[in-house]
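As a plain string of letters, each chain reads:
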Amino acid sequence: MDQFSSEHGDLTIGNLPLKKLAARVGRTPFYAYDRGLLSTRVAELRAVLPAVVKLHYAMKANPLPALVCHMAGLVDGIDVASSGELKVALDAGADPHDISFAGPGKSVGELRQAVAAGILVNLESFREIDELAAISQELGLSARVAVRVNPDFELKSSGMTMGGGPKQFGIDAEQVPAALAEIGHHGLAFEGFHLFAGSQNLKAEAIVEAQCKSYELALRLAEHAPAPLRFLNLGGGFGIPYFPGEQRLDLAPIGANLAALAERASTEMPAAELVIELGRYLVGEAGIYVTRVVDRKVSRGQVFLVVDGGLNHHLSASGNFGQVIRKNYPVAIGNRMGATEKETASVVGPLCTPLDLLADRMELARAEPGDLVVIFQSGAYGASASPQGFLGHPAVVEVLV
Ligand SMILES: *Cc1c(COP(=O)(O)O)cnc(C)c1O
């Protein structure tokens, strides 16, 4: 992966050769995230996006407190999806004004914490409106709210769609006028709309189309709003390449389209701040998962490298995190970069299930017990998205370097 270089056969991350980093961490398996790459990614994005468009980090992609702290200093806001994430965002020093909270089934306790913290709640149901009205009265504060809209369209070519059709997310577009009336009736502090159509999209045209449709829908719905729009979150969905043949997302058309929308917004919704929220695009490529070869077995001619970590730490790389077809993440033997002796091998974890497969018959440097297998594109949906208790192995270590 071209974001990392190597030195005397060792992959380097955060300017550290892998063997030295592994010794510093003290044990395998571990995740390592490169702060330099995180900063570079945000800077590259800022160079293409119009300056008036705010960039939020959706921290469910990677909620490691040290990483969220680093990101909080780079982006304009943090999007959280639970009270646990809210705590991490507040601890990281994010300004409550720029924290927003989305997710279906927010509990009364979570809504109360959100109102007390002064963050923006992206409403997903009529029940949440009623609960917030009662909480606002009780605390003597008006809840800051935006309506998360389940649009009447889908994000084309998305890895996971989260809007359009019947969905548990947001309020259906056709019911939004009624929700806005309720919000006005209860005197909640209405700020705007949140639209999130889907995730992991590598097609710029599809993202541009979704952003345009989201803007139009928000403009139509704004006619029913109890106050002028101050906030319009157009979602994100920017993907990263994981598999052979996938092309990097072309940001230029997205930047140009956002500039055109921002220009329109300056007259059509002059008080509104345009926001995009990104998770994996900001952090995914900056992280690696490192696991050590414990055993090398040959079964009926096929080489298996048995490693000390597996789907219990990295469910996505095993292909079991929502993927329809299992494909190999990019993998290398991190202490044998550039080796000329290669072979076809499968990398499997220590769990007693055939699902625990990290690389299926890939060409890799010939490896022995003690070598370090690296899985790239692992900065998002890794440790926190994996069933760490399954089979009772130790939890994975995470470091920011
Ligand atoms: C998951 C999620 C994101 C982040 O998605 P990525 O694919 O990681 O960018 C953003 N917004 C909402 C509402 C989400 O649920």
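Computed from a predicted structure; not experimentally measured.

Cut-offs used in this document
Residues numbered from 1 in each chain as written. Predicted model: local features only at pLDDT ≥ 70, side-chain atom pairs only at ≥ 80, totals over all residues. Heavy atoms only, no water. Near = heavy atom within 4 Å. Polar contact = N/O pair within 3.5 Å; in protein donor to acceptor, adjacent residues only side chain to side chain. Areas by Shrake-Rupley, 256 points an atom, 1.4 Å probe, with all protein chains shown as cover. Nonpolar A, V, L, I, M, F, W, Y, C, P; charged D, E, K, R; others polar. Phe/Tyr/Trp six-rings, centres within 6.5 Å; stacked < 30°, edge-to-face > 60°. Helix = DSSP H or I, 4+ residues; strand = E, 2+ residues; numbered from the N terminus. Buried < 20%, exposed > 50% of the residue type's maximum accessible area, 1.4 Å probe, protein only. Arc of directions from axis to C-beta.

### Regarding the site of the ligand
Part 1 of the reasoning: With respect to spatial proximity, 13 residues lie near the ligand, and among them K60, S199, E277, R280 and Y381 are the closest.
Part 2 of the reasoning: At 2.8 Å, a side-chain N or O of K60 approaches an oxygen atom of the ligand.
Part 3 of the reasoning: Note that an oxygen atom of the ligand is positioned 2.9 Å from one of the backbone N or O atoms of G279.
Part 4 of the reasoning: Here the ligand loses 93% of its free accessible area of 390 Å² to cover by the protein chains.
Part 5 of the reasoning: Here the shell around the ligand is composed, by residue class, of five nonpolar, four polar and four charged.

### Focus on the packing of aromatic side chains
Part 1 of the reasoning: Inspection of the entire model under this criterion finds nine aromatic pairs.
Part 2 of the reasoning: Residues Y242 and Y329 carry aromatic rings whose centres are separated by 4.9 Å and whose planes lie at 40° to one another, so their mutual orientation is tilted. With Y242 in the loop between β14 (231–233) and α9 (251–268) and Y329 in the loop between β17 (302–307) and β18 (331–333), this pair connects stretches of sequence that are 87 residues apart.
Part 3 of the reasoning: Given a relative accessible area of 7%, Y242 falls into the buried group.
Part 4 of the reasoning: On the numbers, 5.8 Å between centres and 70° between planes, the contact of F243 with Y329 is edge-to-face. Remark: Y329 occurs in the loop between β17 and β18 and F243 occurs in the loop between β14 and α9; sequence separation between them is 86 residues.
Part 5 of the reasoning: By relative accessible area, F243 is classed as buried at 15%.

### As for helix α1 (residues 18–25)
Part 1 of the reasoning: Taken together, the buried positions of α1 are L18, L21, A22 and V25. Buried residues in α1, looked at end-on, bunch into an arc of 100°, giving them a common side. The exposed set on the far side of α1, more than 90 degrees from its buried face, consists of K20, A23 and R24.
Part 2 of the reasoning: Looking one or two residues past α1, G26 carries a phi angle of roughly 95°, positive in sign.

The quantities given are spatial measurements derived from coordinates; they are silent on function.
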